[in-house]
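# Working through the structure, step by step
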Amino acid sequence: MAEVPLSRRRLLASTAAGIAGVTIAGCLDGAGDESGSTGSNGSDGTNASGGPDVDESREAGRETYAIMADTRYETTVHVLDSGDGPTGMVLGGVHGNEVGGIEAARLATEYGLSAGRLVVIPETNSSAVENEGREGPNGDLNRQFPVGEEPTTELARAVWDEIESYDPACLIDMHTSRGILGVDEGAVGQAIFPSPAEGAIEDGQQAAEYMNEEVLDEFLESNPEYAFRSGPVEGVEIEQSDEVDLMAVTKAGADLGTEGWITEVTYKGFDVDQQTFIHDRLTTWLLAENGVETESPFDDQPSPLPS
């Protein structure tokens, strides 16, 4: 079995401690467009997706730009930068009908930032979001990122180009599910699925503990089935598990060594505001654990969950 690459945070920690012999898997070449061009940064100051080259001489501020401009897949990338620190990345709307994740990603574009850089694509599959459907014209976007290979559609290549260009310390892909993992047949809600990168499982498990003990604690007293779990989840068969190597978070972990998580919040019993709140609390914790310190509107608000 090939060695899983370390995340950058843990690679730096290992290097500082003088640990030798760490093998880091090489990144894929940049994804090409339909005409066969590569995803490497171009001389015109843009990358292959149409976004700007990532400049490491950073300044504090905010910017937005479009990728897949002037196509039916055009969508906006939001970059929030404190001027220093690691990069976190958030995807919403990979499935266009999962409204809680989309709204939570939109909220993330409004975060204050005291450390790090945050890159957010709230409507990753904008065509699916517009049509309120799970899939866009080219099918399920989260099955178009094969590990070790070029993504299989033009939109997937554009999204991957952004991921590869920013090379984030962590990647969070927000989703919602009709039910609860292990409770409702075929459902995956209230679960955190980690990438194969070093540290992702541990951070996911700690995030689940935080959610259950600090965020959902009062609600769980009468609704214990809503407790978060973090994969791999023993004894639970997940319908799409045989396709995990086609998902963006898995590819980022395997190809780039990026700690990442698919976060699944159920909409069973939760309205959109409550789903957004749960996603927000989970996302801000995972970002902070990876050095991206945020200030969310929910920080100073009471929980909207019933007790």
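Our subject is the structure listed above.
What you see is a predicted model, and the numbers here were worked out from it, not measured in a lab.

One finds Leu118, Phe228 and Ile278 to be the most contacted residues of the largest nonpolar core, which totals 37 residues. Going through the elements one at a time, α2 (99-108), β5 (117-121), β6 (170-177), α5 (200-215), α6 (217-222), β9 (259-266) and α8 (272-289) are the ones with two or more residues in this core. At 6 residues, α8 tops the list of elements feeding residues into this core. Other than its neighbours up to four places away in sequence, phenylalanine 228 contacts Gln190, Ala191, Ile192, Ala208, Met211, Asn212, Leu216, Glu264, Val265, Ile278 and Leu282.

It is worth spelling out the sheet that holds β5 at this point. With respect to topology, 8 strands assemble into an open sheet ordered β1-β2-β5-β3-β6-β9-β7-β8, the strand pairing being mixed. In this open sheet, the two edge strands, each paired with only one partner strand, are β1 (61-67) and β8 (229-230). Strand direction decides the pairing type here: strand β3 (residues 87-91) and β5, joined by 5 bridges, are parallel. Of the residues in β5, the one forming a bridge with methionine 89 is valine 119. The strands touched by helix α4 (residues 154-166) within the sheet are β1, β2 (75-81), β3, β5 and β6, with β1 carrying the most contacts at an inclination of about 150°. Packing against the sheet, helix α7 (residues 248-256) makes contact with β6 and β9, and its axis sits at approximately 160° to β6.

In this section: empty space enclosed by the protein. The tally for this structure, following the rule as stated, stands at 1 cavity of 30 Å³ or more. By volume, the largest cavity amounts to about 40 Å³. Lining the largest cavity are Tyr73, Asn125, Gly136, Pro137, Asn138, Gly139, Leu141, Gln144, Thr153 and Leu155. For the lining of the largest cavity, the per-class residue count stands at 4 nonpolar, 6 polar and no charged.

Thresholds applied
- Residues numbered from 1 in each chain as written.
- Predicted model: local features only at pLDDT ≥ 70, side-chain atom pairs only at ≥ 80, totals over all residues.
- Heavy atoms only, no water.
- Core = buried A, V, L, I, M, F, W, Y, C linked by side-chain atoms within 4.5 Å.
- Buried < 20%, exposed > 50% of the residue type's maximum accessible area, 1.4 Å probe, protein only.
- Helix = DSSP H or I, 4+ residues; strand = E, 2+ residues; numbered from the N terminus.
- Contact = heavy atoms within 4.5 Å.
- Pairing = 2+ DSSP bridges.
- Axes fitted to C-alpha atoms, helices over the stretch in contact; angles between N-to-C directions.
- 1 Å grid on protein atoms, 1.4 Å probe; cavity = no way out; pocket = protein on both sides within 12 Å on 5 of 7 lines; lining within 4 Å.
- Points joined across faces, edges and corners; volume = space filled by probe spheres on them.
- Nonpolar A, V, L, I, M, F, W, Y, C, P; charged D, E, K, R; others polar.

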